[in-house]
2 protein chains.
Amino acid sequence: MALTGEDRLLAWLRRATGPSHLGDDAAHLESPGDLAVTMDSQIEGVHFFAGLDPASIARRLLAVNLSDLAATAAVPRFAFLALSTPREFPHRRFFRALLTACRGAGVELAGGDLSSAPVVAATLTMLGTRPRGGRFLSRAGARPGHALWLGGTVGEAALGLTLIERGARLSGNRVVLPPAAQEATLAPSARAAVRRHVLPVPQLELGLWLGRQREGGALDLSDGLARDLHRLCRESKVGAELRPEALAASPGWRRLCEVLGKSPLELQLCGGEDYVLLFTLPLGVEPPVKFGCRRIGRIVAGKEVTLIEGRKRRKLAPRGWDHFNLRVSG
Amino acid sequence: MALTGEDRLLAWLRRATGPSHLGDDAAHLESPGDLAVTMDSQIEGVHFFAGLDPASIARRLLAVNLSDLAATAAVPRFAFLALSTPREFPHRRFFRALLTACRGAGVELAGGDLSSAPVVAATLTMLGTRPRGGRFLSRAGARPGHALWLGGTVGEAALGLTLIERGARLSGNRVVLPPAAQEATLAPSARAAVRRHVLPVPQLELGLWLGRQREGGALDLSDGLARDLHRLCRESKVGAELRPEALAASPGWRRLCEVLGKSPLELQLCGGEDYVLLFTLPLGVEPPVKFGCRRIGRIVAGKEVTLIEGRKRRKLAPRGWDHFNLRVSG
């Protein structure tokens, strides 16, 4: 019997996944144990620019959801996709990239919903499980006296976004740069920044390591360090002291900020979409060096979030990306 | 400390839900047992018309997802919402209606994602559990010799959509009709059709009853009887014979079809968005009368789906709603 477009796509997808949970009104999962459930969307014109390769949209969608599971110390297991697109969207290109990325992360695409829409809107729900001997991490786990740690650099993705706004593009695996960033000393940092923005790398292994520690809170940085640090403090009912000189950044990145007229500290504090973990650990417990973490401050009693530069102390406002107010000063 | 828009909304929402799983990167659910997971989107201009009351969007979103769980015989437990809207969207109105509807269905809103977008796009992921002594239903459970059943009428929602296209609106709980349907003998059927389209009623209790039977396949009708019957047959590797005279419809509905220039049979077979269950049962097993089910045919060996009108037999094409081809003739 003749299959129409949606059924044809689903039939192709089921051949591509092999035996799977796809095809019923709901996926049936045999008791998977304790669950962490996360949900994140990627919308054209909001989270990425129109014209982004569908394969990159798929990889980015998976990466931002995996980052949420990393912040929970969960093992990624199942993904459910709601994909709304204009009719001419190259679905198979999107799905090939998504399935490859899922396989790489040990994730099964187990269900979802396809529909038409004026712009590309993709939402992924992910189910992760609690590993044996691990605990789920929470934003409420920071305690006064804990050291405050960061899983990597911040501000790079925001600089990548600035470059994209000025014409940079990811074409296949190649980054095409605007004239301002083509100079040989800038180009490597610029390419890395664009890649970091389009294809963030979730810190799953670090998350699982944190889940094996007895104490500590965590979240993943999506809306900027300042804003997300405020969230961590609010959930844990604590304050924090942040030492921005500890937010190491490469000289190339600093020069690039200068050329593009951006304040490095502003990007680091408010840039957003860094997708590294912000976490706390008792003094004396340090993450393995291989994770490249930086100790950037400490958790204190109270509610204040303070920026400490040398002898200068100032209150850090919860600025950063806000979907309803756009850039907001606190 | 000052909260920005998104955090303020989330804080309000957490006050409104009471103790809940909201607030972390991922919701942590203690081992809920066997799971059924479903995901369905509602997009402005695709699933509903611009201007629909946000409270109705919320109720419809929950209803179509509950209908998927009904088709699986799962007990609804947790909902996760991805909501993308223009900035001026009245979020609290939407959430008040969603939370009330969730409470009514025994569902906890346990997480999600908020973002901005040019049109309203809402995706719900729902987790349901397998009730003790029940089984999950599947589209693959139909067997030759089973009777084919329908959980209610079909075509009414499609007629409601026709009325909406011609100016009908749901305003609060009141249906405003276009002149063509205001005549006293037509108005009650017209109002019911509009309500049925905007606010379908998921057949959860029927689904749970079916899950307690030993045999039978099921799915919920969202894309039209013809198309969804083909899907049931494909997954079960069977054929079917459908007797359209068994698709009972009220005289008021038939007159309304006439006035609006619609073929009753066409609407019943291809209309879509009926959200009643289509299911099969061994001969001799009948659903309780209170569910208002109709026996509309039988499952046969082979692959053919046949329409039987008196002595006339014709092949039924898998027509109906397709998101990529729009209305497709098979």
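For the structure, check the block above.
Thresholds, definitions, all that
Residues numbered from 1 in each chain as written. Chains lettered and ligands numbered in written order. Predicted model: local features only at pLDDT ≥ 70, side-chain atom pairs only at ≥ 80, totals over all residues. Heavy atoms only, no water. Helix = DSSP H or I, 4+ residues; strand = E, 2+ residues; numbered from the N terminus. Rg over C-alpha atoms; globule rule 2.2 N^0.38 Å. Buried < 20%, exposed > 50% of the residue type's maximum accessible area, 1.4 Å probe, protein only. Contact = heavy atoms within 4.5 Å. Areas by Shrake-Rupley, 256 points an atom, 1.4 Å probe, with all protein chains shown as cover. Lys, Arg positive; Asp, Glu negative; His and termini not counted. Charge placed at Lys NZ, Arg CZ, Asp CG, Glu CD. Least-squares fit on C-alpha atoms with pLDDT ≥ 70 in both. Phe/Tyr/Trp six-rings, centres within 6.5 Å; stacked < 30°, edge-to-face > 60°. Lys NZ or Arg CZ within 6 Å of the ring centre and 35° of its normal. Salt bridge = Lys/Arg side-chain N within 4 Å of Asp/Glu carboxyl O. Buried area = accessible area lost by both parts, 1.4 Å probe. Polar contact = N/O pair within 3.5 Å; in protein donor to acceptor, adjacent residues only side chain to side chain. Pairing = 2+ DSSP bridges. Axes fitted to C-alpha atoms, helices over the stretch in contact; angles between N-to-C directions.

Participant: Kindly report on the overall build of chain A, identifying the contributing residues and their values.
Facilitator: When its secondary structure is counted, chain A shows 9 helices and 14 strands. By the compact-globule yardstick of 20 Å for 330 residues, chain A fits well, its C-alpha radius of gyration being 21 Å. Each principal axis of the C-alpha distribution contributes one length, and for chain A these read about 75 × 50 × 35 Å. Counting every position in chain A, which comprises 330 residues, the buried fraction comes to 61%. Residue pairs in contact within chain A that sit at least 24 positions apart in sequence constitute 83% of those at least 6 positions apart. Carbon and sulfur atoms provide 51% of the accessible area of chain A, an area that totals close to 12900 Å². For chain A, the separation between the mean place of its 44 positive charges and that of its 32 negative charges on side chains is 5 Å.

Participant: For the relation of the copies chain B and chain A, give the residues involved together with the corresponding values.
Facilitator: Structural alignment of chain B on chain A gives an RMSD of 0.0 Å, achieved by rotating through 180° and translating 0.0 Å along the axis. Given the turn and translation reported, the copies of this chain are related as if by a two-fold rotation axis. The overlap is high: 100% of the interface residues of chain B also sit at the interface in chain A, so the same surface is used on both sides.

Participant: An account of the side chain of Gln268(A) is needed here, citing residue identities and associated values.
Facilitator: The residue Gln268(A) is located in helix α9 (residues 264-270) in this model. Excluding its chain neighbours within four sequence positions, the residues that come into contact with Gln268(A) are Val154(A), Gly155(A), Leu225(A), Leu247(A), Ala248(A), Ala249(A), Trp253(A) and Arg254(A).

Participant: Help me get a handle on the packing of aromatic side chains, residues and values and all.
Facilitator: One pass over the full model with this rule turns up 6 aromatic pairs over all chains. Considering the side-chain rings of Trp149(A) and Phe279(A), the 6.4 Å spacing of their centres and the 5° angle between planes classify their relative orientation as stacked. Separated by 130 residues along the polypeptide, Trp149(A) in strand β6 (residues 147-150) and Phe279(A) in strand β11 (residues 277-281) bring together distant segments of the chain. The exposure classification of Trp149(A) matches that of Phe279(A), with both residues buried. Aromatic side chains Phe94(B) and Phe95(B) sit 5.5 Å apart centroid to centroid with 85° between the ring planes, which places their arrangement in the edge-to-face category. Exposure remark for Phe95(B): the relative accessible area of 1% places this residue in the buried category. The ring of Phe49(A) has Arg169(A) sitting right over it, with the charged end atom 5.9 Å from the ring centre.

Participant: Help me get a handle on the environment of Ala168(A), residues and values and all.
Facilitator: Residue and element names in this part refer to chain A. With respect to the secondary-structure elements, alanine 168 resides in the loop between α4 (156-165) and β7 (169-171). Overall, the relative accessible area of 0% leaves alanine 168 in the buried class. The spacing of alanine 168 and proline 179 is 11 residues in sequence and 9.2 Å in space, taken between C-alpha atoms. Excluding anything up to four places from it in sequence, alanine 168 contacts Leu163, Val176, Leu177, Pro178 and Val194.

Participant: Got a sec to walk through the pattern of salt bridges? Specific residues and values, please.
Facilitator: One pass over the full model with this rule turns up 24 salt bridges over all chains. Among the salt bridges present, the one from Arg298(A) reaches Glu241(A), with a minimum N-O distance of 3.0 Å. Of the two residues, Arg298(A) sits in strand β12 (residues 294-300) while Glu241(A) sits in strand β10 (residues 239-242), which places them 57 residues apart along the sequence. In this structure, Glu156(B) and Arg196(B) form a salt bridge, with 2.7 Å as the shortest nitrogen-oxygen distance. Note that Glu156(B) is positioned in helix α4 (residues 156-165) and Arg196(B) in helix α5 (residues 187-198), a separation of 40 residues in sequence. Note on accessibility: Glu156(B) and Arg196(B) belong to one class, buried.

Participant: I'd like a description of the interface of chain B and chain A, backed by residues and values.
Facilitator: In this complex, chain B contributes 76 residues to the contact, which on the side of chain A involves 76 residues. Carbon and sulfur atoms supply 53% of the area buried between chain B and chain A, which totals about 6200 Å² over both sides. Our enumeration of links across chain B and chain A arrives at 2 salt bridges. We note a salt bridge from Arg14(A) to Glu235(B), for which the minimum N-O separation is 2.5 Å. On inspection of chain B and its partner chain A, the count reaches 13 residue pairs in polar contact (both at pLDDT 80 or more).

Participant: Account for the sheet that holds strand β9 (residues 218-220) of chain B, naming residues and giving values.
Facilitator: Residue and element names in this part refer to chain B. With mixed pairing, 7 strands are arranged side by side in an open sheet as β9-β11-β6-β12-β10-β13-β14. Since the sheet does not close on itself, it has two edges, and those belong to β9 and β14 (312-315), each with one partner. Pairwise comparison of adjacent strand axes, ignoring direction, gives a mean angle of 25° for this sheet. Bridge count between β9 and strand β11 (residues 277-281): 3 bridges; the pairing is antiparallel. Each bridged residue has a counterpart across the sheet, and for alanine 218 the counterpart in β11 is phenylalanine 279.

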